[in-house]
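Letter by letter, the chains look like this.
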Amino acid sequence: MRLLLTVSLFLLSFSSFSQKKFAWVSGKLTDENENPLPQVSVVILGDMQGMVTNDSGYFRIKVLAGKAFALVFSHAGYIDAQRNFYLSEAEEEKITIRMEPGQRTLETVVVKDDREHIETGLTRINPRNALTIPSTTGGVESLIKILVGSNNELSSQYSVRGGNYDENLMYINDFEIFRPYLVRSGQQEGLSFINPEMAKNVNFYNGGFQARYGDKMSSVLDIQYRKPKTTAGSAYVSLLEQGIHLEGVAKKGRVTYLAGIRNRSNKNLLSSQETTGSYIPSSTDIQAFITYELNKKVQFEMLGNLSFTTFSFFPQSAQKTSSVFSPLFTANLGLDILFEGQEKDGYQTNLLGLSLLQTVNPAFKLKWMLSRFQDKEKEQFDIAGTYLFGDRDFDHSSSTFGQIVNPLGSGYYQDYGRNQLNIQVYNAGVKGTIDRKHHFIQFGNSIEQTNINDQLKEWEYQDSAGYSLPHVPGQLNLYSSLHSKADLSVQKFSGYLQDNIRLGDSLNNFTLQAGVRYNYNTLNQEFLVSPRAQLSWKPRWKKDVVLKLAAGIYDQPPLYRELRRYDGTLNTSVKAQKSYQLVAGMDYNFIGAGNRPFRLSTEAYYKNIWDVDIYDIDNVKIRYAGNNNAKAYAMGIETRLFGELVKDAESWLSIGIMNTREKINNDYFYQYKNAEGEIINAKSTDQVPVDSIRNEVGWLRRPTDRLITVGLYLEDYLPTNKNFKMHLNLLYGSNMSYNIPNSVKYRNALIIEPYIRTDIGLSAQLLSEKSARRSHSPFRGFQNIWASFEVFNLIDRANTISYQLIKDFANNTYAIPNRLTPRLVNFKIVARF
């Protein structure tokens with residue numbers, strides 16, 4: 001009954017409103033230093049409707065004429081402002097309001113930043129959730145995986161809309177961030193570059209992004225570290241990771257500092273892997289962000305990072321099992337391996353970025369940037385394994401339980417590598433904005449010098465049943481061997497120009513973001529031009545709906561991995577992979593059950609890609625073919641629901657459907673026939689081929705093809721006590737393809753079973769209500785302290801990441817799955833002060 005009455009009153013008031021005459025209020029909001037203040041909520045007092053100011057601090061809102069009303073202006077960290085009005089029909093009053101700093105925090109139920117509502121592909125992520133989400137990797141990336149899917153809980157890398165890990169851009173305070181290149185598995189990965197305790201804004205674009213972002217094809221992760229206003233800090237300790245951060249101000253607010261240090265060890269995770277042995281992983285990260293205000297028009301910023309990751313591994317043995325079911329054959333196949341040798345890897349990265357922010361005038365701002373990034377990586381491994389392969393006995397009553405009772409194959413293999421990589425990237429650039437009321441122009445230009453020094457020495461020996469592979473009588477051959485050196489010096493020139501146009505009022509407006517960027521590098525001397533545009537329209541409908549459309553050219557010039565062929569040689573003439581992309585979608589804000597806000601976002605997309613450099617993925621290692629001999633496409637639809645199932649508890653659901661395929665030029669294989677017309681093996685010694693048939697391979701699944709992805713993140717708490725919370729993270733991804741090396745006929749023919757994972761965390765607030773503590777309390781300086789108990793892989797599913805290929809005595813090849821982590825637990829304490 002109450003709901004019916006509310007709806008009736010709303011319809012009556014809307015009918016009355018539609019008969020009234022209108023007026024407008026427009027103006028600009030500034031901070032205490034007269035700088036434009038974006039994202040200020042502008043709300044009619046007593047009305048839930050409103051808007052936020054744009055990047056220039058401007059707003060224009062439609063109101064009723066001939067009636068007194070008030071506008072309330074709110075922004076986190078500032079005192080609310082209120083202005084009263086009485087306007088005649090068609091009258092427009094222009095105002096300028098200076099917001100004063102305060103301690104009030106904006107209540108999210110009033111009005112939300114509408115950038116997420118109107119910009120194509122944008123999802124804004126709360127970085128504080130990175131510490132509360134139950135995840136083996138932690139960090140902001142674990143939240144992104146819920147949106148785009150995942151197949152590896154040991155890695156912070158992710159695939160977006162059919163792209164691979166190399167197709168994702170990452171920025172921190174406008175500096176581009178690079179990841180290590182030689183990492184082969186998630187076991188070797190260290191900390192994510194992003195420190196969530198230092199982050200203020202995290203914007204994730206999963207496609208159709210603007211021209212001001214760089215030259216990659218899949219996604220953008222844009223992070224802004226915050227500028228502190230007071231002295232504060234946090235510390236956390238868990239079985240996997242520990243960290244502390246401090247922030248504060250000095251020199252009467254002219255100097256701010258933000259620093260953090262973290263350490264992580266995945267030893268507890270890896271100790272439960274199928275391969276037993278001694279795992280010694282370690283990763284340490286130190287970051288700092290310092291600002292200095294020289295005067296009201298000039299400000300300096302410095303961002304620094306130093307990261308060390310080491311991984312040592314002394315394997316002992318492994319027991320792997322794969323079950324085969326068919327109408328004609330059923331077996332539990334086992335693989336037992338005894339190892340000798342070791343692996344020692346080291347990864348060191350550092351970044352120093354300097355910025356000078358210059359306010360030429362209130363409408364014209366510049367940001368001058370200098371940066372140096374270095375990545376030093378070293379891999380050393382020499383591991384040999386003796387294996388026995390066959391049927392494993394799973395009869396608990398048998399004396400041979402768990403053993404291989406019917407051997408099908410045996411052999412020996414050895415992997416050896418001594419690899420080094422040193423990458424240095426120097427960048428100088430300038431970015432600027434010009435504010436022209438309805439036009440907000442952004443531009444930038446940069447010069448980049450990249451130096452790459454690489455030494456690759458790898459070989460693999462395989463012996464099956466006493467014969468080295470490939471077998472040539474009288475010869476001892478290596479199964480594979482890679483020896484290569486590279487010493488490259490590449491200059492890159494890039495820039496962009498973009499106009500952001502917003503027309504209309506709060507009830508009916510258009511937003512157009514149109515721009516173009518260019519890119520040229522001296523390696524392949526290719527000049528690229530990429531026009532891009534995003535359009536959103538908020539129609540004059542009763543419901544808060546925004547329609548979106550984006551189109552553009554997205555190119556990806558090669559950097560390092562794309563140049564290296566399968567045999568280890570470099571092809572420096574590899575061109576950029578190129579694509580045109582189309583995105584159409586809608587965004588709907590509504591009030592759901594319990595008068596809580598919800599947001600439903602749906603986007604359909606299509607990518608047409610040419611000059612494709614095909615690749616294979618093994619765990620997290622990407623190996624390219626080193627040429628541009630293919631074309632591809634990806635298309636799909638994604639739907640996401642954000643909201644609060646219970647008050648003040650954030651949750652979201654993401655569902656995606658995708659299809660991505662590739663077609664290699666002149667890709668074919670022959671089938672051979674004997675005299676009777678039967679298909680035979682061309683290498684057969686007892687039959688002579690007399691005829692052949694050429695088969696065109698055609699379109700194949702890409703390594704990242706996954707039909708269905710589902711991600712769910714839930715928060716809840718006890719109805720009688722919000723100090724006890726639950727966080728649930730659920731991921732589902734349908735099957736993926738896996739490549740059989742050196743096979744044309746069976747490329748990407750293996751299937752990795754669906755990835756299903758559930759992680760849960762239970763949290764309790766041990767300390768709260770700072771104002772109620774006694775002055776002599778040892779915890780008087782703490783804001784709150786939380787303790788969490790987490791269970792990873794709650795359903796204990798044995799997910800597969802890759803396959804190990806084994807030959808039996810008859811030279812048949814079997815694929816034995818390499819599994820990920822089983823059920824594990826973690827304990828964590830987080831304190832903020």
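Right above here is the structure, for reference.
(A) Seen up close, the overall build of the protein. Along its length, the protein carries 5 helices and 45 strands. Against the compact-globule benchmark of 28 Å for 833 residues, the protein has a radius of gyration of 30 Å, which places it among compact chains. By residue count, 52% of the 833 residues in the protein fall in the buried class. In the protein, the proportion of contacts linking residues at least 24 apart, taken out of those at least 6 apart, comes to 68%. As displayed, the protein has an accessible area near 38000 Å², and 57% of this comes from carbon and sulfur atoms. Side-chain charges of the protein comprise 92 positive and 84 negative groups, with the mean position of each set lying 7 Å from the other.

(B) Representation of the pairing of strand β21 (residues 439-464). In terms of strand pairing, strand β20 (residues 404-436) meets β21 through 24 bridges, oriented antiparallel. Its bridge partner lying in β21, G417 is registered against E458. As consecutive antiparallel partners, β20 and β21 are separated by 2 residues, and within that stretch K437 has a phi angle of approximately 60°, a positive value. The pairing of β21 with strand β23 (residues 480-504) spans 22 bridges and is antiparallel. Among the inter-strand pairings, Q455 is bridged to a residue of β23, identified as K485. In this sheet, strand β22 (residues 467-469) lies alongside β21 in antiparallel orientation, the contact comprising 3 bridges.

(C) Summary view of a nonpolar patch on the surface. On the surface, I244, L246, Y257, I261, I286, I290, L306 and F308 cluster together to form a nonpolar patch covering roughly 630 Å² of accessible area. Elements with a contribution of two residues or more to the nonpolar patch: β14 (241-250), β15 (255-264), β16 (275-293) and β17 (298-325). Mapped onto the elements, I261 comes out in strand β15.

(D) Main features of the pattern of salt bridges. Throughout the structure, instances matching the rule amount to 33 salt bridges. For the salt bridge of E458 with R184, the shortest nitrogen-to-oxygen distance reads 2.4 Å. Taken together, the positions of E458 in strand β21 and R184 in the loop between β10 (175-176) and β11 (199-205) put the pair 274 residues apart, joining distant regions of the chain. Given the relative accessible area of 11%, E458 is considered buried. When the shortest N-O distance is used, the salt bridge between D285 and R262 registers 3.1 Å.

Cut-off values and rules
- Residues numbered from 1 in each chain as written.
- Predicted model: local features only at pLDDT ≥ 70, side-chain atom pairs only at ≥ 80, totals over all residues.
- Heavy atoms only, no water.
- Helix = DSSP H or I, 4+ residues; strand = E, 2+ residues; numbered from the N terminus.
- Rg over C-alpha atoms; globule rule 2.2 N^0.38 Å.
- Buried < 20%, exposed > 50% of the residue type's maximum accessible area, 1.4 Å probe, protein only.
- Contact = heavy atoms within 4.5 Å.
- Areas by Shrake-Rupley, 256 points an atom, 1.4 Å probe, with all protein chains shown as cover.
- Lys, Arg positive; Asp, Glu negative; His and termini not counted.
- Charge placed at Lys NZ, Arg CZ, Asp CG, Glu CD.
- Pairing = 2+ DSSP bridges.
- Patch = residues over 30% accessible without salt bridge, like charges linked within 9 Å, V, L, I, M, F, W, Y side chains within 5 Å.
- Salt bridge = Lys/Arg side-chain N within 4 Å of Asp/Glu carboxyl O.

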